[in-house]
Amino acid sequence: MLDFNKGAGLIPVIVQDNQTLEVLMLGYMNEEAWEKTQAEKRVTFFSRSKNRLWTKGEESGHYLEVVSTAVDCDQDTLLIKANPKGPTCHTGARSCFKTDYNQNFIFQLEQIVADRYTHPVEGSYVNRLHTKGLNKIAQKVGEEAVETVIAALAETETDFINESSDLLFHLLVLLREKNIPLARLAKNLEARHQ
């Protein structure tokens, strides 16, 4: 149960991208905003500057669709994982926090690959691989692995980065072909680490 009394009726809310886990923004909710967020499955804040409820995206259409919520141990802060429908920041940026790059782009790329499977795009490399089937995709991962090893041993750092990127991309396609999400690998690695 959230404790709205500690912050004079407001609690801080951290919004995180459900796919990439990137922090998108920080806002505040009162109890009414929290109830509206739960009912509509879209993030609604209490705007301190407007002194009213404000649903993120109500003017731009860039809503934050709620996937899950978690309350902190003191029950006075909320974490919301959301699917953003467009940029989150009023500046047009992906996040309200300046970062040089999307450090979690691999998760976003996983989603792009999955989307190509669900909504094929003519001329898409992912769709060409998917059409060729599991054997060809696995073969491509093997080829890219060999090229990565060669680049690590005998080529430039740029070559190694490029070959490693190719290997990771093709592994993402193979994982999608096998219907195994990256999250499952992360859980497996975490369990093996303990």
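This text gives an overview of the structure that appears in the document. (Residues numbered from 1 in each chain as written. Predicted model: local features only at pLDDT ≥ 70, side-chain atom pairs only at ≥ 80, totals over all residues. Heavy atoms only, no water.)

Observations concerning the overall build of the chain
Okay, step 1: Helix and strand content of the chain: six helices and six strands.
Okay, step 2: N-terminal to C-terminal, the α/β element order of the chain is β-β-α-β-β-β-β-α-α-α-α-α.
Okay, step 3: A compact globule built from 194 residues would reach a C-alpha radius of gyration of about 16 Å, whereas the chain, at 21 Å, exceeds it by more than 25%.
Okay, step 4: Relative to its 194 residues, the chain shows a buried fraction of 31%. (Helix = DSSP H or I, 4+ residues; strand = E, 2+ residues; numbered from the N terminus. Rg over C-alpha atoms; globule rule 2.2 N^0.38 Å. Buried < 20%, exposed > 50% of the residue type's maximum accessible area, 1.4 Å probe, protein only.)

A short note on unusual backbone geometry
Okay, step 1: For A8, which is not glycine, the phi torsion reads 55° and is therefore positive.
Okay, step 2: Mapped onto the fold, A8 is located in the segment before β1 (11–17).
Okay, step 3: Here Q75, not a glycine, exhibits a phi torsion of approximately 60°, which is positive.
Okay, step 4: Structurally, the position occupied by Q75 is in the loop between β5 (64–71) and β6 (78–84).

Section: the pairing of β5
One face of the sheet, then the other: side chains in a regular strand alternate in exactly this way.
Okay, step 1: Judged from the seven bridges that link them, β5 and β6 form a sheet pairing that is antiparallel. Each residue of the ladder has a partner; that of L64, found in β6, is P84.
Okay, step 2: Remark: six residues form the turn of the hairpin made by β5 and β6, two consecutive strands paired antiparallel; Q75 in that turn has positive phi of roughly 60°. (Pairing = 2+ DSSP bridges.)

Structural notes on the state of the cysteines
Okay, step 1: Counted according to the given criterion, the structure contains zero disulfides.
Okay, step 2: C89 supplies the cysteine sulfur nearest to C96, a cysteine that is in no disulfide, at a spacing of 3.9 Å. (Disulfide = S-S within 2.5 Å.)

Some thoughts on the layout of surface pockets
Okay, step 1: Taken as a whole, the largest pocket holds about 420 Å³ of empty space.
Okay, step 2: Around the largest pocket, the lining comprises 22 residues; the ones closest to its centre are M25, F45, W54, K56 and H90.
Okay, step 3: When residues of the lining of the largest pocket are traced back to their parent elements, those giving at least two are β2 (23–29) and β3 (44–47).
Okay, step 4: Examining the composition of the lining of the largest pocket, we find that four residues originate from one element, β2, more than from any other.
Okay, step 5: Grouping the constituent residues of the lining of the largest pocket by class yields nine nonpolar, eight polar and five charged.
Okay, step 6: Elements represented by at least two residues in the lining of the second largest pocket include exactly β6 and α2 (105–118).
Okay, step 7: Take the lining of the second largest pocket: its biggest share by element is three residues, from α2.
Okay, step 8: Taken together, the residues of the lining of the second largest pocket break down into four nonpolar, nine polar and three charged. (1 Å grid on protein atoms, 1.4 Å probe; cavity = no way out; pocket = protein on both sides within 12 Å on 5 of 7 lines; lining within 4 Å. Points joined across faces, edges and corners; volume = space filled by probe spheres on them. Nonpolar A, V, L, I, M, F, W, Y, C, P; charged D, E, K, R; others polar.)

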